[in-house]
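Listed below, chain by chain, are the residues.
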Amino acid sequence: QQSWDCGIACCNMIRRWSNPEVHLIDANTVTTSAKPLWTIELFGLLHNAGVHVTMFTKCMGVNPAHNDLKWYANSHESERQSTEEWFNRARRENWPVYEKTLGLETLKALVSDHNKAVIILVDVHKLAKITPNRYTHKL
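Residues numbered from 1 in each chain as written. Predicted model: local features only at pLDDT ≥ 70, side-chain atom pairs only at ≥ 80, totals over all residues. Heavy atoms only, no water.

Overview of the confidence of the model for the protein chain
With 78% of its residues at a pLDDT of at least 70, the protein chain reaches an overall mean of 81. Looking across the protein chain, the model is least confident in helix H4 (residues 70–73), with a mean pLDDT of 62, and most confident in strand S2 (residues 97–99), with 95. (pLDDT = per-residue confidence, 0-100. Helix = DSSP H or I, 4+ residues; strand = E, 2+ residues; numbered from the N terminus.)

Shown next as structure tokens:
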């Protein structure tokens, strides 16, 4: 519905897939500002809703390698602190959140398993290098 709620839409698709009777997440009740949720927040939404979920991430926190990217540069310090606290909570509560990059064969196996729903975040800049004609518009 908004330019920032694609993560919530993905969570709703997974919730609906796992239980067609479930009430969907209303973006307006999750966040009070029109901003996208960080991946760990999406994990928390699914985990707190009782969905069996596992997360693999390149960095357990705000990745300093992304500081030069416009989206990260425009984020407020409070968002960064909140994100770090989500990761700290994941550690404290032993959530299945792992600092690990999965290989292509593992990803293929996951997305091929009809008993699993998978959200994969793709770096469009790397994707554009693979298929430059398809992703040449400005982001």
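With respect to the side chain of Glu41
The residue Glu41 is located in helix H3 (residues 39–48) in this model. You can call Glu41 buried: its relative accessible area is 11%. (Buried < 20%, exposed > 50% of the residue type's maximum accessible area, 1.4 Å probe, protein only.)

Re a nonpolar patch on the surface
The grouping of Val111, Val118, Ile120 and Val122 at the surface amounts to a nonpolar patch, some 320 Å² of accessible area in total. Its place among the elements puts Val111 in helix H6 (residues 104–112). (Patch = residues over 30% accessible without salt bridge, like charges linked within 9 Å, V, L, I, M, F, W, Y side chains within 5 Å. Areas by Shrake-Rupley, 256 points an atom, 1.4 Å probe, with all protein chains shown as cover. Salt bridge = Lys/Arg side-chain N within 4 Å of Asp/Glu carboxyl O.)

Notes on the packing of H3 against helix H5 (residues 77–92)
Across the interface, H3 lies against H5 with an axial gap of 9 Å and an inter-helix angle of 45°. Judged by the angle between their axes, H3 and H5 are oblique. Considering how the two elements wind past one another, H3 and H5 form a crossing that is left-handed. Between H3 and H5, the contacting residues are Ile40, Glu41, Gly44 and Asn48 on the first element and Ser82, Thr83, Trp86, Phe87, Arg89 and Ala90 on the second. Among the residues making up the contact of H3 with H5, the classes are represented as 4 nonpolar, 4 polar and 2 charged. (Axes fitted to C-alpha atoms, helices over the stretch in contact; angles between N-to-C directions. Parallel < 35°, antiparallel > 145°, perpendicular 65-115°, else oblique. Left-handed = near helix turned anticlockwise from the far one by under 90°. Contact = heavy atoms within 4.5 Å. Nonpolar A, V, L, I, M, F, W, Y, C, P; charged D, E, K, R; others polar.)

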